[in-house]
Amino acid sequence: YIKTHEGWLYLAVVVDLFSRRVIGWSMQQRMTKELVLDALLMAIWRRKPKQKVVVHSDQGSQYTSHDWSSFLRSNNLEGSMSRRGNCHDNAVAESFFQLLKRERIKRKIYSNRAEARRDVFDYIEMFYNSKRRHSSNDQLSPVEYEKRFEKTATECLVN
């Protein structure tokens, strides 16, 4: 939930558990199944998974809809849900939202949704993914952590 003078802007994200990189996101003025489906579609488009992938979510109505289940099945994704009311089951996503709030939008009310979208885009793509260091990534950003992994994997194949 992001506060603007026009009203709320809702953000859904898909976070890669390996690197903590936000690989899919969507922002809309209503919290609907389309919001979360758009975020998941972006993640699929970016990663192009070749094997079954587990997608973890909470039990919000967006994630229990027929369209969500159908989308998962048709894209070789396996749904996994948090226990009701247990935010710890989705700790990585909750951690991202906490960082976004603390580092960017705390005590800020945007003039309009477009301004909020620009700022959140900037945070995700220009800072969080490419520059923000994570203790779980050996103090590397998600992008750098993935690059290091890819380089190591390539070197292992060559040797």
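The coordinates are above.
Notes on the structure in this doc start here. Please read these numbers as outputs of a predicted model, since none were measured by experiment.

Cut-off values and rules
- Residues numbered from 1 in each chain as written.
- Predicted model: local features only at pLDDT ≥ 70, side-chain atom pairs only at ≥ 80, totals over all residues.
- Heavy atoms only, no water.
- Axes fitted to C-alpha atoms, helices over the stretch in contact; angles between N-to-C directions.
- Helix = DSSP H or I, 4+ residues; strand = E, 2+ residues; numbered from the N terminus.
- Parallel < 35°, antiparallel > 145°, perpendicular 65-115°, else oblique.
- Left-handed = near helix turned anticlockwise from the far one by under 90°.
- Contact = heavy atoms within 4.5 Å.
- Nonpolar A, V, L, I, M, F, W, Y, C, P; charged D, E, K, R; others polar.
- Buried < 20%, exposed > 50% of the residue type's maximum accessible area, 1.4 Å probe, protein only.
- Pairing = 2+ DSSP bridges.
- Core = buried A, V, L, I, M, F, W, Y, C linked by side-chain atoms within 4.5 Å.

Turning next to the packing of helix α1 (residues 33-47) against helix α2 (residues 66-74). Packed helix pairs are specified by the crossing angle of their axes together with the interaxial distance, meaning the distance between the axes. Across the interface, α1 lies against α2 with an axial gap of 10 Å and an inter-helix angle of 10°. When the interaxial angle is binned, α1 and α2 end up roughly parallel. Note on packing geometry: the crossing formed by α1 with α2 is right-handed. Contacts between α1 and α2 pair Lys 33, Val 36, Leu 37, Leu 40, Leu 41 and Ile 44 from the former with Asp 67, Trp 68, Phe 71 and Leu 72 from the latter. Here the contact of α1 with α2 is built from residues that sort into 8 nonpolar, no polar and 2 charged.

Judged by how many residues are buried, strand β3 (residues 22-28) sits mostly within the fold: 7 of 7 residues are covered. Of the pairings in the sheet, the one linking strand β2 (residues 7-15) to β3 comprises 6 bridges and is antiparallel in character. If you follow Val 13 over to β3, its bridge partner there is Trp 25. Between the antiparallel neighbours β2 and β3 lie 6 residues, among them Arg 20 with a positive phi of about 70°.

Moving on: the nonpolar core. Residues Ile 2, Leu 11, Val 22, Phe 96 and Ile 124 are the most contacted members of the largest nonpolar core, which totals 19 residues. Counting only elements with at least two residues in this core, the list comes to β2, β3, α3 (91-105) and α4 (113-128). If near-sequence neighbours (up to four positions away) are discounted, Leu 11 is found in contact with Ile 2, Trp 25, Ser 26, Met 27, Phe 96, Phe 97, Leu 100, Val 120 and Ile 124. Listed in part, the 17 residues of the second largest apolar core include Val 14, Ala 39, Ile 44 and Leu 77.

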